[in-house]
Amino acid sequence: MKKLKVATASLAGCFGCHMSLLDIDERLFTLLEKVELDRSPLTDFKQFGPCDLGLVEGGLCNAENVEVLRELRRHCKVLVAVGACAINGGLPAQRNHLDVRECLTSVYGRTVPDDPELPLPLDRVHAINDVVKVDYFLPGCPPSAEALWHFLDDFLNGRTPHLGHGLISYD
Amino acid sequence: MTEAQPATRRVAIDPLTRVEGHGKITLRLGEDGKVLQARLHIVEFRGFERFIQGRPYWEVPVMVQRLCGICPVSHHLAASKALDVVLGATPTPTANAVRRLMHYGQILQSHALHFFHLASPDLLFGFDSEAGRRNLQAVAAEYPELARQGVLLRRFGQEVIRITAGKRVHGTGSLPGGVNKAVTAADRDALAAALPEVLGWAREGVALVKRLHRERWELYESFGSAESGLLSLVGRDGRLELYDGVLRARSAHGALLLDGVDPARYREHFAEEVKPWSYMKFPYLTALGPERGTYKVGPLARLQNCDFIHTPLAEAERVEFREAHHGELTHAPLAYHWARLVELLHAAEVVGELLAAPELLGSELLARGERTGEGVGVIEAPRGTLIHHYRVGADDLVTSCNLIVSTTHNNQAMNDAVAQVARRYLDGVEPTEPLLNHLEVAIRAFDPCLSCATHALGKMPLEVVVVDAGGAEVGRAEKRGG
Ligand code: SF4
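Residues numbered from 1 in each chain as written. Chains lettered and ligands numbered in written order. Predicted model: local features only at pLDDT ≥ 70, side-chain atom pairs only at ≥ 80, totals over all residues. Heavy atoms only, no water.

## Comments concerning the overall build of chain B
Okay, so step 1: On a plain count of helices and strands, chain B comes out with 15 helices and 16 strands.
Okay, so step 2: The C-alpha atoms of chain B give 22 Å as radius of gyration, which agrees with the globular expectation for 482 residues (23 Å, within 12%).
Okay, so step 3: Its C-alpha atoms give chain B principal-axis dimensions of roughly 70 × 55 × 40 Å.
Okay, so step 4: Taken across its 482 residues, chain B has 68% of its residues classed as buried. (Helix = DSSP H or I, 4+ residues; strand = E, 2+ residues; numbered from the N terminus. Rg over C-alpha atoms; globule rule 2.2 N^0.38 Å. Buried < 20%, exposed > 50% of the residue type's maximum accessible area, 1.4 Å probe, protein only.)

See below:
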């Protein structure tokens, strides 16, 4: 059987959604038999290739997040917003009621880092579906390992992913 | 700035992979291919400290753990400890036991994750192995038993967290004044039953990393090595202590610079610089200044800073580590892996001790006291010393929040390591992908948590250095904290 290609990305998130994915524990090995990881924080590929599935953790807080998200969308057939941050900005979006400049100067004083190597911060933290089409939303902060596993198992076996009540939580 | 140096060539490793969070490395090469500059940039800004102001204090331990999904427990507990002080509450023996158990579970899972899931491919396959092979998938294919043990070690640590905090990632178990969840005898027995196997895997892990290090001693001891001081908490009796203790700092050659310092007084001893090319600040010991006052934190600092480890298996490993280095301090980033695995073993031993302690199952979970307005909480997170500092008004709302996260302390050390490796491997040669991976190997050894690192404070003495494109200093300004 041909392995499905899966990419994962962490944008303005905390990595907790990736941790929850690893929390499927030994089932990780079953997963790795069925999929081939593409670009992901867990591999050393720096570019996305054509993928069957893209999992996105985190919202958009700077120009680079937007670029990575668009790249991923271009390369994958199905895109999933994983967790509160990707779905609605999550906790980092708490900065949306503040002025970014004021926020930066309160932290860095007069010399706010501004090297061309640093991507420009956005004035607000955005959900990923403000910018690209999203096929599935998996709520939770993070979604539980059970929910992620259930979703992946359905997807990899060609079923329309369906999470029962017990697997959906908003925290 | 960059236009001013047309003859240089920029090479970037972007994004850094197999590390937590977002960062990149850039190199500037001269016409002759000489490395003129090598930098680690932290590219994200999130501003937690700012938006925590104005929130009710009891939300804080749950909010701040969203700084980091790999070590949420560290932030959860450092905030709880700081807010214990604000409440004037001394946690009960049961609350302390539950929190400690949560913390050592977290050290165990985070260290396992870093070594087995993220860093091991570099050490097992070689720094210049093919990019497509450098990941957990290949480790699982070629070393299935090792990969399995890594996953199970991490699972155990995560289960300890679930049982004490309610959830594996972002639980709610600790709160200002204590904890809200008792551990049941059934939970304790289930963990205790799994422990012998966990200890066995932890010992195998130490044996593996030691063997890898000893087989390539010259390389491992010199790769990216740069001298600096060391900083960590230690117990009052000098033991390795990760939950609560006093601050100790040593010079690069081992002389004590600070000892027995009450963590609440951290601001008297540290200051930090901002550099315009990174959102992560550069802290240093105030007494020594920004040039000589930089230091490392984390497993390598802790193992060499303490006088002893109170658990027998890890203590034997510590002694062996020190003897292998003839009692001298090592500054080799790759020695972090060895130290980290010794700590993983120690964490498993401490979990065993706590499971056997009668107070763990007690029912006195919360304490009260006389309100104060301010509190500092310091903990040794998996990656090093973590400082949380809050002021809370009479209306229960947070008026100020300072965080110094572990990875920030290592900023200079990581930049030094990158610069050293770049000069050694990339000077005058074509920067191929496998060679560039060497720079990432050096960074990974520190186990940086770059999401945490996007937080720094505005209340400490702050020094700003402005440099021109060639790195020469053109201005300097200082702002004293309030
Ligand atoms: S949804 Fe929660 S766990 Fe996931 S990245 Fe955001 S803060 Fe972290």
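## So, empty space enclosed by the protein
Okay, so step 1: Across all of its chains, the model carries five cavities of 30 Å³ or more by this definition.
Okay, so step 2: There is about 150 Å³ of room inside the largest cavity.
Okay, so step 3: Lining the largest cavity are 16 residues, with Leu21, Leu31, Leu32, Leu37 and Leu42 of chain A sitting closest to its centre.
Okay, so step 4: Put simply, the parts of the chain that give the lining of the largest cavity at least two residues each are β1 (4–10), α1 (16–22), α2 (27–34), β2 (35–37) and β3 (51–57) of chain A together with α5 (136–142) of chain B.
Okay, so step 5: Broken down by element, the residue count for the lining of the largest cavity peaks at three residues, all from α2 of chain A.
Okay, so step 6: For the lining of the largest cavity, the class distribution of residues is 13 nonpolar, three polar and no charged.
Okay, so step 7: Quantified by volume, the second largest cavity comes out at close to 100 Å³.
Okay, so step 8: Forming the walls of the second largest cavity are 15 residues, and the residues nearest its centre are Cys14, Cys17, Cys85 and Cys141 of chain A together with His170 of chain B.
Okay, so step 9: Contributing elements (two or more residues each) for the lining of the second largest cavity: α1 and α4 (83–88) of chain A.
Okay, so step 10: The residue inventory of the lining of the second largest cavity, partitioned by class, reads seven nonpolar, five polar and three charged. (1 Å grid on protein atoms, 1.4 Å probe; cavity = no way out; pocket = protein on both sides within 12 Å on 5 of 7 lines; lining within 4 Å. Points joined across faces, edges and corners; volume = space filled by probe spheres on them. Nonpolar A, V, L, I, M, F, W, Y, C, P; charged D, E, K, R; others polar.)

## Some words on the side chain of Lys24 of chain B
Okay, so step 1: Summarising the element assignment, Lys24 of chain B is placed in strand β2 (residues 23–29).
Okay, so step 2: What makes Lys24 of chain B buried here is its relative accessible area of 8%.
Okay, so step 3: Reaching out from Lys24 of chain B, the side chain makes a polar contact with the backbone oxygen of Glu117 of chain A at a distance of 2.6 Å.
Okay, so step 4: Not counting chain neighbours up to four residues away, the residues in contact with Lys24 of chain B comprise Glu117 of chain A together with Arg10, Ile13, Asp14, Leu16, Arg39, Leu40, His41 and Val43 of chain B. (Polar contact = N/O pair within 3.5 Å; in protein donor to acceptor, adjacent residues only side chain to side chain. Contact = heavy atoms within 4.5 Å.)

## Regarding the site of the ligand
Okay, so step 1: Around the ligand there are 13 residues in total, and Cys14, Cys17, Ala84, Cys85 and Cys141 of chain A lie nearest to it.
Okay, so step 2: Around the ligand the close residues trace back to chains A and B.
Okay, so step 3: Among the cavities detected, the one that contains the ligand is the second largest cavity.
Okay, so step 4: When contributions to the shell around the ligand are tallied by element, the ones reaching two or more residues are α1 and α4 of chain A.
Okay, so step 5: Residues that form the shell around the ligand fall into these classes: six nonpolar, five polar and two charged. (Near = heavy atom within 4 Å. Sits in = over half its atoms within 2 Å of the grid points.)

## Some thoughts on the packing of aromatic side chains
All names here are of chain B.
Okay, so step 1: By the definition in use, this model includes 15 aromatic pairs over all chains.
Okay, so step 2: Considering the side-chain rings of Tyr336 and Phe446, the 5.0 Å spacing of their centres and the 50° angle between planes classify their relative orientation as tilted. Remark: Phe446 occurs in the loop between α15 (433–445) and β15 (462–467) and Tyr336 occurs in helix α12 (residues 335–356); sequence separation between them is 110 residues.
Okay, so step 3: What links up through ring pairs into an aromatic cluster is the set Phe127, Tyr220, Phe223 and Tyr425.
Okay, so step 4: The positively charged end of Arg133 is found above the aromatic ring belonging to Phe125, 4.2 Å away from the centroid.
Okay, so step 5: One Lys or Arg, Lys275, reaches over the ring of Phe282 and ends 4.4 Å from the middle of that ring. (Phe/Tyr/Trp six-rings, centres within 6.5 Å; stacked < 30°, edge-to-face > 60°. Lys NZ or Arg CZ within 6 Å of the ring centre and 35° of its normal.)

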